[in-house]
Amino acid sequence: MASGKSQKHLPTLRTWAGLRREIESCVRCPRLRDHCEEVARLKRRAYLEESYWGKPVAGFGDAQARLILVGLAPAAHGANRTGRIFTGDRSGEWLYRALHRAGFANQPTSVSRDDGLELCDAFVTCAARCAPPANKPLPEEIERCSVFLDAELDLLIQRRVYLALGGIGLNTIWDRLIERKEVTGTRPRFSHGGIHPLPNGRHLLMSYHPSQQNTFTGRLTEPMLDAVFTKARELIGPSAPTN
């Protein structure tokens, strides 16, 4: 694969199955691929008996979702281990508990990609599809991944609210919307709970990322996260979309 922009019209990106195959087979960021494979080989002591996923991770959720969550990247021993975004780590525990409390998930737990978790009216994705060293993907790595987020947005035709988890989530979704000519103007300043109206009745909502750095320090509390999902629910309405 060459640049992200050159892939935007590949037929394989126009279906969920084809998009997943393209993501999981992507090798365009050698630094990230080397890191993910090394983590999968060495493992963490608590998971020595498990088989790590070790590949890029696709988005997860309801194909008819109106709420689109954009995070940072798979965690080295979370999604890079389990194969599902925000699954198997503390950030995911916080996120999916909150989604469940808000009625967007059928259960509060997310431990493996076959644990029965289903999302209703919500879709979770991220800026980078591979676990980056020190949780810091490079700008060019995020840019190479942008084709996948574009393809997801093309398929998520019911989208009404974008929830940016952290500053990188905000920067990523705003850059995509600018390039897609769906918004104009200056990127809004990040603020937890902030709401930015968009054209066509859509909205951009912001939240601190549910990382341990934020949750362990009390910068983000469960009531704060619940309040964000209450706002999201108000913006999209209580009923799931219909075809």
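Analysis parameters
- Residues numbered from 1 in each chain as written.
- Predicted model: local features only at pLDDT ≥ 70, side-chain atom pairs only at ≥ 80, totals over all residues.
- Heavy atoms only, no water.
- Salt bridge = Lys/Arg side-chain N within 4 Å of Asp/Glu carboxyl O.
- Helix = DSSP H or I, 4+ residues; strand = E, 2+ residues; numbered from the N terminus.
- Buried < 20%, exposed > 50% of the residue type's maximum accessible area, 1.4 Å probe, protein only.
- 1 Å grid on protein atoms, 1.4 Å probe; cavity = no way out; pocket = protein on both sides within 12 Å on 5 of 7 lines; lining within 4 Å.
- Points joined across faces, edges and corners; volume = space filled by probe spheres on them.
- Nonpolar A, V, L, I, M, F, W, Y, C, P; charged D, E, K, R; others polar.
- pLDDT = per-residue confidence, 0-100.
- Contact = heavy atoms within 4.5 Å.
- Core = buried A, V, L, I, M, F, W, Y, C linked by side-chain atoms within 4.5 Å.

Caption draft 1: Region of the structure containing the pattern of salt bridges. Following the criterion strictly, the structure yields 19 salt bridges and no others. Of the charged contacts, one joins Arg 66 and Asp 121 as a salt bridge, the two residues approaching to 2.6 Å between their closest N and O atoms. On the criterion of sequence distance, the pair formed by Arg 66 in the loop between strand 1 (60–61) and strand 2 (67–71) and Asp 121 in the loop between helix 4 (90–101) and strand 3 (122–126) is long-range, its members being 55 residues apart. The buried category is assigned to Arg 66, whose relative accessible area is 12%. If you follow the salt bridges from partner to partner, you end up with Asp 150, Asp 154, Arg 159, Arg 176, Glu 179, Arg 180, Glu 182 and Arg 202 in one network.

Caption draft 2: Layout of the layout of surface pockets. The computed volume of the largest pocket comes to approximately 820 Å³. Forming the boundary of the largest pocket are 32 residues, of which Ser 91, Asn 135, His 209, Ser 211 and Gln 212 lie nearest the centre. Broken down by element, the residue count for the lining of the largest pocket peaks at four residues, all from helix 6 (residues 166–179). Considered class by class, the residues forming the lining of the largest pocket number 13 nonpolar, 13 polar and six charged. Put simply, the second largest pocket is a space of about 230 Å³. Around the second largest pocket sit Lys 136, Pro 137, Pro 139, Ile 142, Glu 143, Ser 146, Ile 168, Asn 171, Thr 172, Asp 175 and Arg 176, which together line it. Broken down by secondary-structure element, the contributors of at least two residues to the lining of the second largest pocket are helix 5 (139–155) and helix 6. Looking at the lining of the second largest pocket element by element, the count peaks at five residues for helix 6. For the lining of the second largest pocket, the per-class residue count stands at four nonpolar, three polar and four charged.

Caption draft 3: Representation of the confidence of the model for the protein. On average, residues of the protein score 94 in pLDDT, and 93% of them are at 70 or above. Taken as a whole, residues 1–7 scores under 50 in pLDDT and shows 17 contacts with residues more than four places along the chain or in a different chain.

Caption draft 4: A look at empty space enclosed by the protein. Overall, the coordinates contain two cavities of 30 Å³ or more when judged by the stated rule. Size it by volume and the largest cavity reaches roughly 70 Å³. Lining the largest cavity are Cys 26, Val 27, Arg 28, Cys 29, Arg 33, Pro 56, Arg 129, Cys 130, Glu 141, Arg 144, Cys 145 and Phe 148. Ranked by residue count, the leading element in the lining of the largest cavity is helix 5, at four residues. Size it by volume and the second largest cavity reaches roughly 40 Å³. Lining of the second largest cavity is provided by Tyr 162, Leu 177, Glu 182, Val 183, Leu 198, Pro 199, Asn 200 and Arg 202. Per-class residue counts for the lining of the second largest cavity are five nonpolar, one polar and two charged.

Caption draft 5: Broad picture of the nonpolar core. Within the largest apolar cluster, 30 residues are counted, with the highest numbers of intra-cluster contacts made by Leu 67, Leu 69, Tyr 96, Leu 99, Val 124 and Phe 229. Secondary structure elements with two or more residues in this core: strand 2, helix 4, strand 3, strand 4 (161–165) and helix 8 (222–236). Once residues within four sequence positions are removed from consideration, Tyr 96 is found in contact with Phe 60, Ile 85, Phe 86, Thr 87, Ala 105, Gln 107, Pro 108, Ser 110, Leu 117, Leu 119 and Val 124. Within the second largest apolar cluster, 17 residues are counted, among which are Leu 153, Leu 156, Ala 164 and Val 183.

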